[in-house]
Amino acid sequence: MPITLLQNIQNVANEAGYQVGSTVVGNNDVTTKQLLAIANRVAREMSDLYPWPVLFASHSFTLVDVQALYPVP
């Protein structure tokens, strides 16, 4: 399952020692607003640098009990 914007921002906030709520868009907390702005800037920079087919890829995996690693296609 893809990681959501909220999960990405919560992960960054956790590493930096900040708290963010359960929403990002429309949140009035200064730190959350800053993290959203950074995420938007990075997304714009990525879209300027790379064609979309490079940015978007998906693949299905069949999960197997006790298997921790899967080959990347």
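Each remark here, short or long, concerns the structure printed above.
Since the structure is predicted, the reported quantities are computational estimates derived from the model, not experimental observations.

## Concerning the overall build of the protein chain
And step 1. The helix and strand tally for the protein chain stands at 3 helices and 0 strands.
And step 2. Along the protein chain, helices (α) and strands (β) appear in the sequence α-α-α when read from the amino end.
And step 3. Relative to the globule expectation of 11 Å for 73 residues, the C-alpha radius of gyration of the protein chain, 16 Å, shows a markedly less compact shape.
And step 4. In terms of overall dimensions, the protein chain has C-alpha extents of about 40 × 35 × 20 Å along its principal axes.
And step 5. Within the protein chain, the fraction of its 73 residues that count as buried is 11%.
And step 6. Here the analysis covers contacts within the protein chain between residues at least 6 apart in sequence; of these, 14% occur between residues at least 24 apart.
And step 7. As displayed, the protein chain offers around 6400 Å² of accessible surface, 60% of which is attributable to carbon and sulfur atoms.

## Here we look at helix α2 (residues 30-49)
And step 1. With 20 residues, α2 extends 29 Å between its outermost C-alpha atoms, agreeing within 8% with the 28 Å of an ideal straight helix rising 1.5 Å per residue.
And step 2. Within the span of α2, buried status applies to Thr32, Leu35 and Leu36. End-on view of α2: buried residues confined to an arc of 100 degrees, all on one side of the axis. Opposite the packed face of α2, turned more than 90 degrees from it, sit the exposed residues Val30, Arg44, Asp48 and Leu49.
And step 3. Its buried side turned inward, α2 meets α1 (5-16).
And step 4. Where α2 begins, the capping side chain belongs to Asp29, and its oxygen is found 3.3 Å from the backbone nitrogen of Thr31.

## Notes on the packing of α1 against α2
When two helices pack together, their arrangement is given by the angle between the helix axes and by the axis-to-axis distance.
And step 1. Running from N to C, α1 and α2 cross one another at 115 degrees; their axes reach a closest spacing of 10 Å. For α1 against α2, the interelement crossing comes out right-handed. Contact residues: Leu5, Ile9, Val12 and Ala13 in α1; Leu35, Leu36 and Ala39 in α2.
And step 2. Partitioning the contact of α1 with α2 into residue classes produces 7 nonpolar, no polar and no charged.

## Observations concerning α1
An α-helical turn contains 3.6 residues, so any two residues separated by three or four positions project in the same direction.
And step 1. When the terminal C-alpha atoms of α1 are compared, their 17 Å separation across 12 residues agrees well with the 16 Å that a helix rising 1.5 Å per residue should span.
And step 2. Positive phi shows up at Gly17, right after α1, with a value of about 85 degrees.

Rules and cut-offs
- Residues numbered from 1 in each chain as written.
- Predicted model: local features only at pLDDT ≥ 70, side-chain atom pairs only at ≥ 80, totals over all residues.
- Heavy atoms only, no water.
- Helix = DSSP H or I, 4+ residues; strand = E, 2+ residues; numbered from the N terminus.
- Rg over C-alpha atoms; globule rule 2.2 N^0.38 Å.
- Buried < 20%, exposed > 50% of the residue type's maximum accessible area, 1.4 Å probe, protein only.
- Contact = heavy atoms within 4.5 Å.
- Areas by Shrake-Rupley, 256 points an atom, 1.4 Å probe, with all protein chains shown as cover.
- Expected span 1.5 Å × (residues − 1).
- Arc of directions from axis to C-beta.
- Polar contact = N/O pair within 3.5 Å; in protein donor to acceptor, adjacent residues only side chain to side chain.
- Axes fitted to C-alpha atoms, helices over the stretch in contact; angles between N-to-C directions.
- Left-handed = near helix turned anticlockwise from the far one by under 90°.
- Nonpolar A, V, L, I, M, F, W, Y, C, P; charged D, E, K, R; others polar.

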